[in-house]
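Working through the structure, step by step
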2 protein chains.
Amino acid sequence: MEKVIVVGAGVMGSALAIHLGNNQVAVNLWGTKWDEKVLKDMESTRRHSKLEANLSESISLFYEEQLEEAFEETKLIIIAVSSKGIESICKTISPYLNEEHIILSVTKGIDEDNLYTMSNVIENALPEELRGKVSIVKLGGPIRANEIANAKYTEGVFASKNIESVKYAQKLFNSSKFKGGISADIEGVELCAAFKNAYAITMGIVEGLEGDMDNPKAALMARGAVEMANIVEAYNGSRETALGIAGVGDYYVTAQGGRNRTFGVLLGKGKTKAQAMDIMENQTVEGITATYNGYKLLKKLESQGKFNIREKAPLFQELYWILYEGKPVEEAINSYWESKDI
Amino acid sequence: MEKVIVVGAGVMGSALAIHLGNNQVAVNLWGTKWDEKVLKDMESTRRHSKLEANLSESISLFYEEQLEEAFEETKLIIIAVSSKGIESICKTISPYLNEEHIILSVTKGIDEDNLYTMSNVIENALPEELRGKVSIVKLGGPIRANEIANAKYTEGVFASKNIESVKYAQKLFNSSKFKGGISADIEGVELCAAFKNAYAITMGIVEGLEGDMDNPKAALMARGAVEMANIVEAYNGSRETALGIAGVGDYYVTAQGGRNRTFGVLLGKGKTKAQAMDIMENQTVEGITATYNGYKLLKKLESQGKFNIREKAPLFQELYWILYEGKPVEEAINSYWESKDI
């Protein structure tokens, strides 16, 4: 029986563990001290209460101090922590890593300091002797944790420069209810995972401005997909990545509901960023950071002559101005619509 | 002041007339005998009751017998009839056509007899001396009639082989609330307009089967977009057409609600095609015919060595089998999911 370790017992890490457990894979689910309560709860009930799903017998639970033990006999390491925690977690697990390991990441975002995608952050956080040797796979696509944990049909994509690693992950994950495709465009998949959160805010904004209408949202659905294709292409990725499950698919699910959209709706209804955050009790809205770091990334590409923000991502440009330069939403969205006349 | 004629006073024809009227364009809205009641109603109230929108003064109304009069001084002819009526309406208007005219069509579908797209049906229904001379523009994209009539932000795309005609139409239509882009891929836009109705049925089916879950619908959102790109490409069109407003945009709006989705949900919940149609009181479900004619078209492309249905459109293949060969929905959807393992 193959054995994997899931690093991080948050909602997504737990959901992936439950899915793999149901798929007859032995899973060591390891959590930090922040996960202690949920680990204890799962230990006593063999159930994840928030996900409303039971843990199969093949799942073992490990606490922070049991990391070495949790690594035993594992080949696939699933990293399911937030983008803020990823660098430090990579350093934490480094002592237990070897060249045979495959790291699979579900973390989304763009690194603020170096404007790296998450796979590059992981690569750079590895001990020097393992860089370029441990292979890194990104699992992208529209995966709501509660749905995959409850065996609702889910599609994703495994992206990596190493096709053997992708196939290994695919074999463990794929079931009658989960299908992960294959892509070599790991950075394209990662960029879509980050930028779709930003575009989901624009969908909320236009809903707040125009009411719950279909035409404006459909326009932004298509626009976000096209701009993501432009961005991926500028990064030497494939436009097909934006057309598929990691782009259109993930953008769709993010725009249907969730914090990014809710935040956008509040902005569209005239709230300031601060007021909106206040109403949302300062919950994390991933798209805000994605807009900030994404914009810096696009500016960098622009300075290298590889991108033209106004031409290739005018909607994203307006979103940045709304969030970071105080441009009124109505004026910004009107400017975007007017850019279509050019 | 430019003058246009709208041929067909159904909901979409009326909505486009109202939009153009609000845009200071003189519009002759002409209806057949089937439109007589709604024309009379608009005449007395200067309002379209179903669209809940007023008619500007620049809209004039014409009855069936006033066709010649309605054509006076017009250059742009907007054909807004159903695919079943398009050939006969083209013959009806033929006596009044000349080389200067531009025909703009919003009709969706694939012709059953010759497997033509609508622009080809129109072309072939023209008097021989006008074929290749009257230019034909397709207006595609996600346009709900009630929203465009009420000045909700709407984006579309004008597609034609004649760029001058596209620009002419664009100038009349574009406003602060409507933006029509430009495309040379008229057949690609038309194929998306037809096939998206079929894919919207699959979204309904999976909703009926799995409940109102995000992951499965997101998977089919992406899958439909990719298959439409494959289909358009096989027809010598551009994959970009499927990525943009005519593909992803229009598919999104169709899948959000409407008869195709409702019909699909009923199938997903175990109703037969006949039971579902019965529940829906035999209203037209465009995706059913689109599946039938679309499948014949793909078979034709396949016989010419230009397409492989199982490989390039496996989801569409299963839909055809559900609708026309009685394959049980659950089995069909499972077969589709399983095709992802290959």
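Residues numbered from 1 in each chain as written. Chains lettered and ligands numbered in written order. Predicted model: local features only at pLDDT ≥ 70, side-chain atom pairs only at ≥ 80, totals over all residues. Heavy atoms only, no water.

**Structural notes on the packing of helix H4 (residues 86-93) of chain B against helix H5 (residues 118-125) of chain B**
Residue and element names in this part refer to chain B. Interaxial distance between H4 and H5 falls to 9 Å at its minimum, and their mutual angle equals 35°. Of the two possible hands of crossing, H4 and H5 adopt the one that is right-handed. Contact residues: Ile 86, Glu 87, Cys 90 and Lys 91 in H4; Met 118, Val 121, Ile 122 and Ala 125 in H5. Looking at the contact of H4 with H5 residue by residue, the class counts come to six nonpolar, no polar and two charged. (Axes fitted to C-alpha atoms, helices over the stretch in contact; angles between N-to-C directions. Helix = DSSP H or I, 4+ residues; strand = E, 2+ residues; numbered from the N terminus. Left-handed = near helix turned anticlockwise from the far one by under 90°. Contact = heavy atoms within 4.5 Å. Nonpolar A, V, L, I, M, F, W, Y, C, P; charged D, E, K, R; others polar.)

**Some words on the relation of the copies chain A and chain B**
Of the transformation superimposing chain A on chain B, the axial component is 0.0 Å and the angular component is 180°, with the fit at an RMSD of 0.0 Å. The transformation just described matches what one would write down for a two-fold rotation axis. Residue A:Leu243 of chain A places its C-alpha closer to the rotation axis than any other residue of that unit, at 3.0 Å. When the interface residues of chain A are mapped onto chain B, 100% of them again lie at the interface, so the same face is used by both copies. (Least-squares fit on C-alpha atoms with pLDDT ≥ 70 in both.)

**Looking at helix H1 (residues 11-22) of chain A**
All names here are of chain A. An ideal rise of 1.5 Å per residue puts 16 Å on 12 residues; H1 measures up with 16 Å between its terminal C-alpha atoms. Taking burial as the measure, the 12 residues of H1 include nine buried ones, the bulk of the element. The set of residues buried in H1 consists of Gly 13, Ser 14, Ala 15, Leu 16, Ala 17, Ile 18, His 19, Leu 20 and Gly 21. Phi for Gln 24, located one or two positions after H1, is positive at around 65°. (Expected span 1.5 Å × (residues − 1). Buried < 20%, exposed > 50% of the residue type's maximum accessible area, 1.4 Å probe, protein only.)

**Quick notes on the domain arrangement of chain A**
Interface size is commonly expressed as the accessible surface area that is lost when the partners come together. Residue and element names in this part refer to chain A. In terms of domain boundaries, chain A breaks down into domain 1 (3-184) and domain 2 (188-339). For domain 1 versus domain 2, the separation of C-alpha centres amounts to 27 Å. Every contact between the two is made by 20 residues of domain 1 and, on the other side, 21 residues of domain 2. Our count for the domain 1 to domain 2 interface comes out at zero salt bridges. For the pair domain 1 and domain 2, the interface holds six residue pairs in polar contact (both at pLDDT 80 or more). Sorting the residues of the side of domain 1 that touches domain 2 by element identifies helix H5 (118-125), strand S8 (135-140) and strand S9 (154-159) as the ones contributing at least two each. Residues belonging to the side of domain 1 that touches domain 2 are distributed by class as follows: six nonpolar, eight polar and six charged. (Domains from an automatic or database assignment. Salt bridge = Lys/Arg side-chain N within 4 Å of Asp/Glu carboxyl O. Polar contact = N/O pair within 3.5 Å; in protein donor to acceptor, adjacent residues only side chain to side chain.)

**Looking at the interface of chain A and chain B**
The interface is formed by 44 residues belonging to chain A together with 44 residues belonging to chain B. Remark: the boundary between chain A and chain B carries six salt bridges. The salt bridge partner of B:Arg144 is A:Asp214, with a shortest N-O separation of 2.6 Å. At the junction of chain A with chain B, the criterion picks out 17 residue pairs in polar contact (both at pLDDT 80 or more). Within the residue set of the side of chain A that touches chain B, elements represented by two or more residues are helix H6 (145-149), S9, helix H8 (186-210), helix H9 (214-234), helix H10 (239-243), helix H11 (245-256) and helix H17 (329-339) of chain A. If you tally residues by element for the side of chain A that touches chain B, the top one is H9(A), at 11 residues. Looking at the side of chain A that touches chain B residue by residue, the classes come out as 23 nonpolar, seven polar and 14 charged.

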